[in-house]
Amino acid sequence: MSFLYSSIGILIFSGIFLITKHTLLFSVKDYYSNSYNSDYISSKAQQVDKYLLKIIENNKIDLNFNDQICYQLKSKLYNSGLKDKDKFNYFVFPKTKSNHPKIINSCILTDGQHRILIKKNPENYNKYLLNSCILSNISHCKFEENN
């Protein structure tokens with residue numbers, strides 16, 4: 001008798017599972033439509049950031065201080081092949097005007113659409129801090145605003 005009841009239980013659970021599975025498969029609703037959609041994900045800006053992070057994580061390379069960090073990274077980025085040399089238009093700007101402790105005195109590398117802020121980590125001069133954003137009709141990143 002217990003074999004009969006356990007068999008019926010297994011059949012009922014299997015049926016519920018199959019109905020649920022097929023309902024989800026044949027449903028036309030897109031369950032991921034409300035997910036976060038970003039212009040940054042899978043963009044050239046993300047590739048550039050990954051490349052620069054690989055460079056600054058390499059402890060054998062000393063990029064100096066202040067604006068020299070951006071000039072050296074610009075040179076390495078130019079020779080990387082990530083951007084066409086004919087269309088390469090990253091420029092180095094002096095320190096950010098933000099007073100935020102994490103980004104104060106960061107040099108800026110930008111092409112007008114992608115802005116990168118880099119500086120030496122004040123707690124460990126062998127490491128660097130990199131922040132970036134995609135510019136959407138603005139001249140600086142939102143996190144640079146002084147509040």
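Above: the structure in question.
One structure accompanies this document, and this report is about it. The model shown is predicted, which means the values in this text are computed figures rather than measured ones.

Procedures and definitions
- Residues numbered from 1 in each chain as written.
- Predicted model: local features only at pLDDT ≥ 70, side-chain atom pairs only at ≥ 80, totals over all residues.
- Heavy atoms only, no water.
- Salt bridge = Lys/Arg side-chain N within 4 Å of Asp/Glu carboxyl O.
- Helix = DSSP H or I, 4+ residues; strand = E, 2+ residues; numbered from the N terminus.
- Buried < 20%, exposed > 50% of the residue type's maximum accessible area, 1.4 Å probe, protein only.
- Pairing = 2+ DSSP bridges.
- Disulfide = S-S within 2.5 Å.
- Patch = residues over 30% accessible without salt bridge, like charges linked within 9 Å, V, L, I, M, F, W, Y side chains within 5 Å.
- Areas by Shrake-Rupley, 256 points an atom, 1.4 Å probe, with all protein chains shown as cover.
- Core = buried A, V, L, I, M, F, W, Y, C linked by side-chain atoms within 4.5 Å.
- Axes fitted to C-alpha atoms, helices over the stretch in contact; angles between N-to-C directions.
- Contact = heavy atoms within 4.5 Å.

This part covers the pattern of salt bridges. Under the definition given, this model contains 1 salt bridge. The partner of Arg115 in a salt bridge is Glu144, with the nearest N and O atoms 2.7 Å apart. Of the two residues, Arg115 sits in strand E3 (residues 114-121) while Glu144 sits in the segment after strand E4 (124-134), which places them 29 residues apart along the sequence. The burial state of Arg115 is the same as that of Glu144; both residues are buried.

Attention now moves to the pairing of E4. In the sheet, E3 pairs with E4 via 8 bridges, with the strands oriented antiparallel. Paired with Ile118 across the strands is Leu130, a residue of E4.

What follows is about the state of the cysteines. One pass over the full model with this rule turns up 2 disulfides. The disulfide bridge from Cys70 ends at Cys107, spanning 1.9 Å between sulfur atoms. Taking the torsion about the S-S bond as the criterion, the Cys70 to Cys107 disulfide, at about 90°, is right-handed. One end of the pair, Cys70, is in helix H3 (residues 67-78); the other, Cys107, is in strand E2 (residues 107-110), with 37 residues separating them in the sequence. Both residues of the pair, Cys70 and Cys107, belong to the buried class. Each sulfur in the disulfide pair Cys133 and Cys141 lies 1.9 Å from the other. Negative torsions about the S-S bond denote left-handed disulfides, and the value of about -85° found for Cys133 with Cys141 makes this one left-handed. A single burial state applies to Cys133 and to Cys141, both of which are buried. Taken in sequence order, the bonded cysteines of the chain link in the pattern 1-2, 3-4.

This paragraph deals with a nonpolar patch on the surface. On the surface, Met1, Leu4, Tyr5, Ile8, Ile12, Phe13 and Ile16 cluster together to form a nonpolar patch covering roughly 810 Å² of accessible area. Residue placement: Ile16 occurs in helix H1 (residues 2-26). Taking the relative accessible area as the measure of exposure, Ile16 reaches 48% and is therefore partly exposed.

Moving on, we get to the nonpolar core. The biggest cluster of nonpolar side chains holds 18 residues, and the ones touching the most others in it are Leu52, Ile69, Leu73, Tyr90, Ile116 and Ile118. Where this core is concerned, the elements lending two or more residues are helix H2 (44-57), H3, E2, E3 and E4.

To continue, consider the sheet that holds E2. A sheet is described by the order of its strands in space; here 4 strands give the open sequence E1-E2-E3-E4, paired in antiparallel fashion. Both outer strands of the open sheet, strand E1 (91-93) and E4, are each paired with one neighbouring strand and no more. Within this sheet the neighbouring strands show an average axis-to-axis angle of 25°, counted without direction. H2 contacts E3 and E4 of the sheet and is inclined by roughly 180° relative to E4.

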